[in-house]
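# Summary of the model geometry
Residues per chain are reported as follows:
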Amino acid sequence: MTDLLRAALDAPGYAPLPSRARELLEALGAPPRLGAHLRVVHDVALSLTGWAAGRASFDAAAVLFGAATHDIGKVRHPAELSGPGSAHEPAGYALLVSCGVSEDLARFARTHGSWSAPDVTGEDLLVSLADKVWKAKRVPELEERVVSWLGGPAWETFMALDDELSRIASEADSRLAFQGSYPTDG
């Protein structure tokens, strides 16, 4: 593991990744920027799962692991760290499974970009949402799916979610600066 990856994984200010996710990043020699990105998305997912607890039934540990590994395929497709592309999604799923991660947890690498598919779960939606709102990107269709999954009076649920996402988005500049302070290569 490079010193820069270690710095991204250990820097104060964001929740530490689940130990298994950290071990995978270290073993795979992940680029420092990927480590930083996964830290901030995981941190946002931690906020979202805390907020959503009691509103819906879901596996928070799965969401947190999914957020911490959703882009791990960028180890194999590093150009997608700074440019567009989705080749990292199936590659990440295959990589996680080959490292012994269960298909149920590895799926987030594949589903975080396909939140509109009919078979996604609430957990998938939360990982997708965290991967958008960390940088203050709001996706109305995704948010509508989350509101529908959460249930309750739609307008009240929407307003509560909007308040939480606005709070999270207000801190996007510091997350973007943190991620941007790490290089895309080792």
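One can find the structure itself at the top, above this paragraph.
Summary of the structure given here. This structure is a prediction, so every number in the text was calculated from the model and none was measured.

### Topic: the overall build of the chain
If you tally the helices and strands in the chain, you get 10 helices and 0 strands. When the elements of the chain are put in sequence order from the N terminus, they spell out α-α-α-α-α-α-α-α-α-α. Over its C-alpha atoms the chain spans a radius of gyration of 16 Å, differing by no more than 12% from the 16 Å that the globule rule assigns to 186 residues. For the chain, the spread of C-alpha atoms along the three principal axes comes to 50 × 35 × 30 Å. Expressed as a percentage of its 186 residues, the buried residues of the chain come to 51%. Here the analysis covers contacts within the chain between residues at least 6 apart in sequence; of these, 67% occur between residues at least 24 apart. The chain carries 17 positive and 25 negative side-chain charges, and their two centres are separated by 3 Å.

### A look at helix α6 (residues 103-111)
Looking only at α6, the buried set comprises Ala106, Arg107, Phe108, Ala109 and Thr111. Packed against the buried residues of α6 are α4 (60-69), α5 (88-98) and α7 (122-133).

### Remarks on the environment of Val44
Following the sequence through the fold, Val44 ends up in helix α3 (residues 32-52). It is 20 Å that separates the C-alpha atoms of Val44 and Glu23, two residues lying 21 residues apart in sequence. In contact with Val44, other than residues within four places in its own chain, are Ala130, Val133, Trp134, Ile168 and Arg175.

### Description of the packing of α6 against α7
Contact geometry for α6 and α7: axes closest at 10 Å, N-to-C directions at 45°. As judged from the angle between their axes, α6 and α7 are oblique. The crossing of α6 and α7 is right-handed. Residues Arg107, Phe108 and Thr111 of α6 pack against Glu123, Asp124, Val127 and Ser128 of α7. When its residues are assigned to classes, the contact of α6 with α7 shows 2 nonpolar, 2 polar and 3 charged.

### Comments concerning the side chain of Glu89
Along the chain, Glu89 turns up in helix α5. Buried and without a salt bridge, Glu89 has Lys132 as its closest oppositely charged side chain, separated by 7.7 Å. Setting aside residues no more than four positions away along its own chain, Glu89 makes contact with Ala109, Arg110, His112 and Gly113.

### Some details on the pattern of salt bridges
When the charged atoms of two side chains lie near each other, side chains of opposite charge can form a pair. As enumerated under the stated definition, the model contains 11 salt bridges in all. Between Glu143 and Arg138 there is a salt bridge, and its shortest N-O distance comes to 2.7 Å. With a relative accessible area of 5%, Glu143 lands in the buried category. The exposure class of Arg138 is partly exposed, given its relative accessible area of 29%. Linked through salt bridges whose partners overlap, the residues forming this network are Glu164, Arg167, Glu171 and Arg175.

### Examining the packing of aromatic side chains
For any pair of aromatic rings, geometry is given as the distance between the ring centres together with the angle between the planes. In the structure shown here, the tally under the stated rule is 4 aromatic pairs. Consider the rings of Tyr14 and Phe178, whose centres lie 4.8 Å apart with planes at 45°: the pair is tilted. With a gap of 164 residues between them, Tyr14 in the loop between α1 (3-10) and α2 (19-28) and Phe178 in helix α10 (residues 172-180) connect regions that are remote in the sequence. An aromatic cluster of three or more residues is present, and its members are Tyr14, Phe178 and Tyr182. The residue whose ring lies beneath Arg110 is Tyr93, and the NZ or CZ to ring-centre distance is 4.3 Å.

### Concerning the nonpolar core
In terms of nonpolar packing, the biggest core is built from 38 residues, with Val44, Leu48, Leu129, Leu142, Val146, Leu161 and Phe178 touching the most fellow members. Within the residue set of this core, elements represented by two or more residues are α3, α4, α7, α8 (140-150) and α9 (154-169). Counting residues per element, this core draws most heavily on α3, which supplies 8 residues. Membership of the second largest hydrophobic core comes to 21 residues, among which are Leu9, Leu28, Phe65 and Val101.

Parameters at a glance
- Residues numbered from 1 in each chain as written.
- Predicted model: local features only at pLDDT ≥ 70, side-chain atom pairs only at ≥ 80, totals over all residues.
- Heavy atoms only, no water.
- Helix = DSSP H or I, 4+ residues; strand = E, 2+ residues; numbered from the N terminus.
- Rg over C-alpha atoms; globule rule 2.2 N^0.38 Å.
- Buried < 20%, exposed > 50% of the residue type's maximum accessible area, 1.4 Å probe, protein only.
- Contact = heavy atoms within 4.5 Å.
- Lys, Arg positive; Asp, Glu negative; His and termini not counted.
- Charge placed at Lys NZ, Arg CZ, Asp CG, Glu CD.
- Axes fitted to C-alpha atoms, helices over the stretch in contact; angles between N-to-C directions.
- Parallel < 35°, antiparallel > 145°, perpendicular 65-115°, else oblique.
- Left-handed = near helix turned anticlockwise from the far one by under 90°.
- Nonpolar A, V, L, I, M, F, W, Y, C, P; charged D, E, K, R; others polar.
- Salt bridge = Lys/Arg side-chain N within 4 Å of Asp/Glu carboxyl O.
- Phe/Tyr/Trp six-rings, centres within 6.5 Å; stacked < 30°, edge-to-face > 60°.
- Lys NZ or Arg CZ within 6 Å of the ring centre and 35° of its normal.
- Core = buried A, V, L, I, M, F, W, Y, C linked by side-chain atoms within 4.5 Å.

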